[in-house]
Amino acid sequence: NCNRKNLLHAPSSLPRNITSLDLSFNSLVVPHHGTLLMHFSSLHSLNLSSNALLALGPAVFSNLEALRLLDLSSCSIAYLHVDAFKGLGNLHTLLLRNNNLQELKVPFFLPLKALFHLDLQHNELVSVNTLNLQLMEAVPQVQLEGNPWVCDCAMQPLQQWLQRRQAVQVTCASPPGLRGWEVAALDSQDLGCQTKQRFPREASTVQQITVTQSNNTTLPSGKGGRSWSYLVGFLVSAIGISILITLAAKCKLFHKHFASYRHQQLPETSSIGGCPMEDDSGESHPMPGAADLQAEDDDGFIEDNYIQPSEQLSEEEERELHLSI
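None of these values were measured; they are calculated from a predicted model.

Caption draft 1: Just unusual backbone geometry, in detail. Cis geometry marks the peptide bond from Ser174 to Pro175; its omega dihedral reads 0°. In this structure, Asn6 takes a positive phi of about 55° despite not being glycine. Within the element layout of this structure, Asn6 appears in the segment before strand E1 (20-22). Unusually for a residue other than glycine, Ser76 sits at a positive phi of about 55°. As for its placement among the helices and strands, Ser76 is situated in the loop between strand E4 (69-71) and strand E5 (79-80).

Caption draft 2: Expanded view of the sheet that holds strand E7 (residues 117-119). Taking strand neighbours across the sheet as the criterion, the six strands line up as E1-E2-E4-E6-E7-E8 in an open arrangement whose pairing is parallel. The open sheet is flanked by E1 and strand E8 (141-143), the only strands paired with a single partner. Neighbour to neighbour, the strand axes of the sheet diverge by 0° on average, direction disregarded. Summarising the sheet, E4 and strand E6 (residues 93-95) pair through three bridges and their orientation is parallel. Bridging across to E6, Leu69 finds its partner in Thr93.

Caption draft 3: Spotlight on the UniProt feature "transmembrane region" (unreviewed entry) in the protein chain. As recorded in UniProt, the sites labelled "transmembrane region" (unreviewed entry) are residues 228-249. Note that residues 228-249 is 100% helix and 0% strand, and that its end C-alpha atoms are spaced 32 Å apart.

Caption draft 4: Broad picture of the packing of aromatic side chains. For the structure on display, the rule yields one aromatic pair. Note on Phe61 and Phe85: the rings are 6.4 Å apart at their centroids and 5° apart in plane angle, and the pair reads as stacked. Placement of Phe61 in the loop between strand E3 (55-56) and E4 and of Phe85 in the loop between E5 and E6 is noted, with a sequence separation of 24 residues between them. Using a relative accessible area of 1% as the deciding quantity, one classes Phe61 as buried. The exposure class assigned to Phe85 is buried, which follows from its relative accessible area of 0%. Sitting over the face of the ring of Phe25, Arg4 holds its NZ or CZ atom 3.9 Å from the ring centroid.

Caption draft 5: Here's a closer look at the state of the cysteines. A full pass over the atoms with the stated rule returns two disulfides. Disulfide partner of Cys151: Cys172, at an S-S distance of 1.8 Å. Measuring handedness by torsion sign, the sulfur bridge of Cys151 and Cys172 sits at about -95° and is left-handed. A residue pair is termed long-range when its members are at least 10 positions apart, and Cys151 in the loop between strand E9 (149-150) and helix H2 (156-165) and Cys172 in strand E10 (residues 172-174) qualify at 21 residues. In this model Cys153 forms its disulfide with Cys193; the gap between the sulfur atoms is 2.0 Å. Judged by the sign of its S-S torsion, about 130°, the cystine formed by Cys153 and Cys193 is right-handed. One end of the pair, Cys153, is in the loop between E9 and H2; the other, Cys193, is in the loop between E10 and helix H3 (203-217), and 40 residues separate them in sequence.

Rules used in this analysis
Each chain has its residues counted from 1, following the order in which its sequence is written. Local features are withheld for residues below a pLDDT of 70 in this predicted model, meaning they are given only at 70 or higher, and side-chain atom pairs are given and counted only at 80 or more; totals for whole chains, interfaces and linings count all residues. Side-chain figures throughout are based on the complete set of non-hydrogen atoms in the structure, without hydrogens or water. Per the convention used, a helix needs a DSSP run of H or I reaching at least four residues, while a strand needs a run of E reaching at least two, with both numbered from the N terminus. In this description, strands pair whenever DSSP reports at least two bridges between them. To get an axis, fit a line to the C-alpha atoms, keeping to the stretch in contact for a helix; angles then go from 0 to 180 degrees between the N-to-C directions. UniProt positions are given in the numbering used here, feature names are shortened, and annotations may be inferred rather than shown by experiment. The pairing test for Phe, Tyr and Trp rings, Trp by its six-membered ring, is centres within 6.5 Å, and the orientation test on the planes gives stacked under 30 degrees, edge-to-face over 60, and tilted for anything in between. To sort residues, take the accessible area from a 1.4 Å probe on protein chains only and compare it with the maximum for the residue type: under 20% means buried, over 50% means exposed, and anything in between is partly exposed. For a Lys NZ or an Arg CZ to count as sitting over a ring, it must be within 6 Å of the ring centre and within 35 degrees of the ring normal. Counting rule for disulfides: a pair of cysteine sulfur atoms within 2.5 Å.

Right under this line is the structure:
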């Protein structure tokens, strides 16, 4: 136990085979290159909390291959190098609470293959990208409370991730309308997303849904012109066919009326005189009078084909009829 000693470095007098070391509440200086505790490769537990470490360089713990617990809480850490935890393949618990982390670099998770508990509470995280969520999926215990989460559409992957893990008390800090709301209780409409996304494992499906919606709302260049030309051609064809049908109907009606008014003039009544006609057999037949003809047709004409051609009188027969009268 070497806490609160105002130490700048680990005491050289410590035995090299120790498995647990508490250096909290000191003023340790982190080397920019090389390891922090070069001679303590047997450590299983290391507490560096409440030291102003500010930043962790690459491979600063690379010699601590047996380490299972690393406490870096309240160290004002604002930056993690992507290789900061290189060599910690057996690390079980990583505590990074009460720091100033604004983002998580994706590769820093990669060496932590045995990680079981990750504490990121009370940092400055506003969102987590999908790749980090995929990596954190393999970590059974993840604590994200107390960060100023911005609950917009970029938060949806985290919202769905929290729902899958049934995590609680991860609340929104902004916008004001969602402040204090649990992220897991929100849906895509609350987050202002127009297209419902899914968890990163189904990213290809998300892209297909987004492409489908954009195709439904915006015509691709090139297809719009063809659609207009097809529409104009269809309209012109429909109008032309309508005009032809109308003309055909009009012509049929015109021929019907024209045929109905093709008249033939009746013989003059004065020549007939309403007298009976005699046929070849010598029998006489009365001729229809003018009054009867007028009753049948006021204009003195009969429609064409009313009297068959075989029944019409020739000029010679008509002359003989006049003579006989």
